[in-house]
Amino acid sequence: MGSWERNKNLLLEMVRQPNNSLCADCGAPEPDWASYKLGVFVCMSCSGTHRNMPDASRIKSIRLDNWEDDLVEFMRCHGNSTVKARYEKMVPAFYYRPKQHDCVVLREQWIRAKYERQEFTGEHMHLKKVHSLGSYEGTLWKKGKKSKKFLKRRFVLSERELSLMYFNKEDLSRGPKAVIPVRDLNAAFQPEKIGHRHGLQISYEKEEHTRNIFVYHESGQEIVNWFNAIRAARYAYLKVILSPSNDSQLIPLLTRSSLKEGYMEKTGPRQREPFKKRWFILCSMDRKLLYFKTPMDALELGSVFVGTEAHGYSVRESVPKSTICNKWKCGIVVETPNRQFAFMCEREQDQREWIKAFRQVIAQTMLPKHYAMEANMNCRKS
């Protein structure tokens, strides 16, 4: 056996070890690439960011490239756990650690923050101070409430005042256009929806309805800083309100992404009204199905609470009789204690995905806050 084949087998044996079997940066299984500058095994997607950093040539495929003996020995002496112990030594509890299917800017900035800027080694105390603050301010491009244009707006996040404010003018003395309480605040990356690779959707409750703000920044580092600043402010707020025994109870509550989004058609309560195309968002944490006229609407048109099967909620494939002339033929019926909701999907695949998402929410145990939410939504509609 030649040295090329021997070294390849040694690397494959290393990457099968539990500590190396997941990408060091996003957790994707079976990483096929490695940085022989750092000593970590990474997936193909994350390897692209490593190539774009200084010393980009120091990344190789463990299956396709030739590895010299000294490089293999370097990988053996390091590995994902050893390297993480240094570069992730002081990651704040609130800081978002991207996963395999997260958007590019989150994964890219996580990698650059760790290795290029070394923000979490503890060697740069000014960075630790910045990450510990739940306050942030700067300029973001914001979509108009009723227009498609994005305009520069000044945003100020204050942990002390527990609010996010934005201003139409650079002169902050003229007062904010909106003041958003941290308790109602959520942020989720939506690059495809917003049409910008750094697109961020900020949501909050306004007069018992969900309000969306769509923003972006040309700098990937800056928009990820905003995202984590919002998480830091939420972390500080929830830690006081909930007094959890450990941080693991708080982390899922800081920010949340939707379980499923997309177009369906919806009819009225009697199911004899014309079906109208709407953009739907299903959030598993809030157990809400929100609907909008378009994906970029600022305000929801309405919402449906999704409880458990034990409380009278269910979902099934069904096509109401009144849809006989409808263009979309793949029907879904959601049963609630007070009403039956009928939806139509364009394709069978969409129908299957929506039903799967509904069933996932229905299968989750309801928390005390969900009972209060259900009662409040029923009162509003009665």
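Notes on the structure follow. (Residues numbered from 1 in each chain as written. Predicted model: local features only at pLDDT ≥ 70, side-chain atom pairs only at ≥ 80, totals over all residues. Heavy atoms only, no water.)

### Things to note about the overall build of the chain
Right, on to step 1. From N to C terminus, the chain includes 11 helices and 17 strands.
Right, on to step 2. Counting only C-alpha atoms and orienting by the principal axes, one finds that the chain spans roughly 75 × 60 × 45 Å.
Right, on to step 3. When burial is assessed residue by residue, the chain has 52% of its 382 residues classed as buried.
Right, on to step 4. A separation of at least 24 residues holds for 52% of the contacts in the chain among residues at least 6 apart in sequence.
Right, on to step 5. A total of about 19,600 Å² of accessible surface is found on the chain, and carbon and sulfur atoms cover 51% of it.
Right, on to step 6. With 64 positive and 44 negative side-chain charges, the chain shows a spacing of 6 Å between the two charge centroids. (Helix = DSSP H or I, 4+ residues; strand = E, 2+ residues; numbered from the N terminus. Buried < 20%, exposed > 50% of the residue type's maximum accessible area, 1.4 Å probe, protein only. Contact = heavy atoms within 4.5 Å. Areas by Shrake-Rupley, 256 points an atom, 1.4 Å probe, with all protein chains shown as cover. Lys, Arg positive; Asp, Glu negative; His and termini not counted. Charge placed at Lys NZ, Arg CZ, Asp CG, Glu CD.)

### Re the packing of aromatic side chains
Right, on to step 1. Counted by the stated rule, this structure contains 21 aromatic pairs.
Right, on to step 2. Ring centres of Tyr-87 and Tyr-115 lie 5.2 Å apart, and the angle between their planes is 70 degrees; this geometry places the pair in the edge-to-face category. Residue Tyr-87 is located in helix α4 (residues 80–87), and its partner Tyr-115 is located in helix α5 (residues 104–116); the two are separated by 28 residues in the primary sequence. Comparing Tyr-87 with Tyr-115 shows no difference in burial state: the two are buried.
Right, on to step 3. Look at Phe-305 and Tyr-313: their rings are 6.0 Å apart centre to centre, the planes differ by 70 degrees, and that puts the pair in the edge-to-face class. Taken as a pair, Phe-305 and Tyr-313 share a single burial class, namely buried.
Right, on to step 4. Three or more aromatic residues joined by ring pairs make a cluster, and in this case those are Phe-280, Tyr-291, Phe-341, Phe-343, Trp-354 and Phe-358.
Right, on to step 5. Taking NZ or CZ as reference, Arg-51 lies 4.6 Å from the ring centre of Trp-33, over its face.
Right, on to step 6. Positioned above the aromatic ring of Tyr-36 is the side chain of Lys-60, whose terminal nitrogen or guanidinium carbon lies 5.5 Å from the ring centre. (Phe/Tyr/Trp six-rings, centres within 6.5 Å; stacked < 30°, edge-to-face > 60°. Lys NZ or Arg CZ within 6 Å of the ring centre and 35° of its normal.)

### Looking at the side chain of Arg-256
Right, on to step 1. Relative to the helices and strands, Arg-256 is located in the loop between α9 (251–254) and β11 (260–266).
Right, on to step 2. Within the local environment of Arg-256, its side chain forms a polar contact with the side chain of Asp-286, the two groups lying 3.1 Å apart.
Right, on to step 3. Beyond its immediate chain neighbours, meaning those up to four positions away, Arg-256 contacts Asn-186, Ala-187, Ala-188, Cys-283, Met-285 and Asp-286. (Polar contact = N/O pair within 3.5 Å; in protein donor to acceptor, adjacent residues only side chain to side chain.)

### Let's talk about the sheet that holds strand β12 (residues 276–283)
Right, on to step 1. With respect to topology, 7 strands assemble into an open sheet ordered β14-β13-β12-β11-β17-β16-β15, the strand pairing being antiparallel. Each having just a single partner strand, β14 (302–305) and β15 (314–317) make up the two edges of the open sheet. Adjacent strand axes in the sheet meet at a mean angle of 35 degrees when their direction is disregarded.
Right, on to step 2. Where β11 lies against β12, 7 bridges are found, and the strand directions are antiparallel. (Pairing = 2+ DSSP bridges. Axes fitted to C-alpha atoms, helices over the stretch in contact; angles between N-to-C directions.)

### Concerning the pairing of strand β13 (residues 288–292)
Right, on to step 1. In terms of burial, β13 is largely enclosed, as 5 of its 5 residues are buried.
Right, on to step 2. The alternating pattern of β13 places Lys-288, Leu-290 and Phe-292 and Leu-289 and Tyr-291 on opposite faces, both of which are buried.
Right, on to step 3. Where β12 folds back on β13, the antiparallel hairpin that results is connected by 4 residues, among which Arg-287 adopts a positive phi of roughly 55 degrees.
Right, on to step 4. Bridge analysis of β13 against β14 gives 4 bridges, and the strand direction is antiparallel. Bridge pairing in β14 places Leu-289 opposite Val-304.

### Observations concerning the pattern of salt bridges
Right, on to step 1. Counted by the stated rule, this structure contains 21 salt bridges.
Right, on to step 2. Glu-123 is the partner of Arg-86 in a salt bridge, and the nearest nitrogen-oxygen pair spans 3.7 Å. Placement of the pair is Arg-86 in helix α4 and Glu-123 in the loop between α5 and α6 (125–132), with a sequence separation of 37 residues.
Right, on to step 3. Where Arg-197 meets Glu-108, a salt bridge forms, and the shortest distance between an N and an O atom there is 3.9 Å. Here Glu-108 lies in helix α5 and Arg-197 lies in the loop between α7 (191–194) and β9 (200–206), a separation of 89 residues in the sequence.
Right, on to step 4. The exposure class of Arg-197 is partly exposed, given its relative accessible area of 47%.
Right, on to step 5. Using a relative accessible area of 17% as the deciding quantity, one classes Glu-108 as buried.
Right, on to step 6. Put simply, Asp-25, Glu-88, Arg-97 and Lys-114 are held in one network by salt bridges that share partners. (Salt bridge = Lys/Arg side-chain N within 4 Å of Asp/Glu carboxyl O.)

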